[in-house]
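Here's the letter readout for the chains.
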Amino acid sequence: MKELTLDDLRSLMRLSAGEDESIDLDGDIIDVTFKDLAYDSLAVLEMAGRLERDWGVIVPDEVAATLETPRAVLDYVNGRAAVN
């Protein structure tokens with residue numbers, strides 16, 4: 001599996017919950033919390049489901065709940081991919 005990039009994640013975020021007009025997802029968001037990006041826990045769970053469907057990486061609900069930033073998601077997904 002290829003590495004999940006921030007641009008890939010941005011696309012998944014937009015598909016999962018859209019984009020708040022006041023938030024620039026194309027900016028420097030890697031360490032911004034999902035809460036500050038206007039993504040609630042349901043949006044993060046939807047993104048986790050898309051990661052499983054589109055990338056083949058299972059992100060259990062209890063793990064998804066701990067992933068607070070895009071960097072955390074990238075680290076988790078790319079770390080899991082390296083193991084497989």
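For the structure, see preceding data.
Reading guide: rules and limits
- Residues numbered from 1 in each chain as written.
- Predicted model: local features only at pLDDT ≥ 70, side-chain atom pairs only at ≥ 80, totals over all residues.
- Heavy atoms only, no water.
- Axes fitted to C-alpha atoms, helices over the stretch in contact; angles between N-to-C directions.
- Helix = DSSP H or I, 4+ residues; strand = E, 2+ residues; numbered from the N terminus.
- Parallel < 35°, antiparallel > 145°, perpendicular 65-115°, else oblique.
- Left-handed = near helix turned anticlockwise from the far one by under 90°.
- Contact = heavy atoms within 4.5 Å.
- Nonpolar A, V, L, I, M, F, W, Y, C, P; charged D, E, K, R; others polar.
- Core = buried A, V, L, I, M, F, W, Y, C linked by side-chain atoms within 4.5 Å.
- Buried < 20%, exposed > 50% of the residue type's maximum accessible area, 1.4 Å probe, protein only.
- Polar contact = N/O pair within 3.5 Å; in protein donor to acceptor, adjacent residues only side chain to side chain.
- 1 Å grid on protein atoms, 1.4 Å probe; cavity = no way out; pocket = protein on both sides within 12 Å on 5 of 7 lines; lining within 4 Å.
- Points joined across faces, edges and corners; volume = space filled by probe spheres on them.

Undergrad: Tell me about the packing of helix α1 (residues 6-17) against helix α2 (residues 41-55), residues and numbers included.
TA: Packing of α1 against α2 leaves a shortest axis separation of 9 Å and a crossing angle of 120°. It follows from the interaxial angle that α1 and α2 lie oblique. Viewed along their axes, α1 and α2 form a crossing whose handedness is right-handed. Between α1, through Asp8, Leu9, Leu12, Met13, Leu15, Ser16 and Ala17, and α2, the contact on the second element is made entirely by Ala43, Glu46, Met47, Arg50, Leu51, Asp54 and Trp55. Grouping the constituent residues of the contact of α1 with α2 by class yields nine nonpolar, one polar and four charged.

Undergrad: Explain the nonpolar core to me, and be specific about the residues and the numbers.
TA: Membership of the largest hydrophobic core comes to 26 residues, with the highest contact counts inside it found for Met13, Phe34, Leu37, Met47, Leu51, Val59 and Val73. Counting residues per element, the ones that place at least two in this core are α1, α2 and α4 (70-83). Among all residues touching leucine 37, those that are not within four sequence positions of it are Met13, Ile23, Leu25, Ile29, Val32 and Pro70.

Undergrad: Residue-level account of the side chain of asparagine 78, with values.
TA: Within the fold, asparagine 78 resides in helix α4. Polar side-chain contacts of asparagine 78 include one of 2.8 Å to the backbone nitrogen of leucine 4. Apart from residues no more than four positions distant in its own chain, asparagine 78 is found in contact with Glu3 and Leu4.

Undergrad: Which residues make up the side chain of aspartate 8, and what values go with them?
TA: Following the sequence through the fold, aspartate 8 ends up in helix α1. According to the relative accessible area criterion, aspartate 8 is buried, its value standing at 19%.

Undergrad: With reference to specific residues and values, describe empty space enclosed by the protein.
TA: Overall, the coordinates contain one cavity of 30 Å³ or more when judged by the stated rule. For the largest cavity, the calculated volume is near 30 Å³. What lines the largest cavity is simply Val44, Met47, Ala48, Leu51, Val59, Ala64, Leu67 and Val73. A total of four residues in the lining of the largest cavity trace back to one element, the largest contributor, which is α2. The class makeup of the residues in the lining of the largest cavity is eight nonpolar, no polar and no charged.

Purely geometric stuff here, so don't read any function into it on its own.
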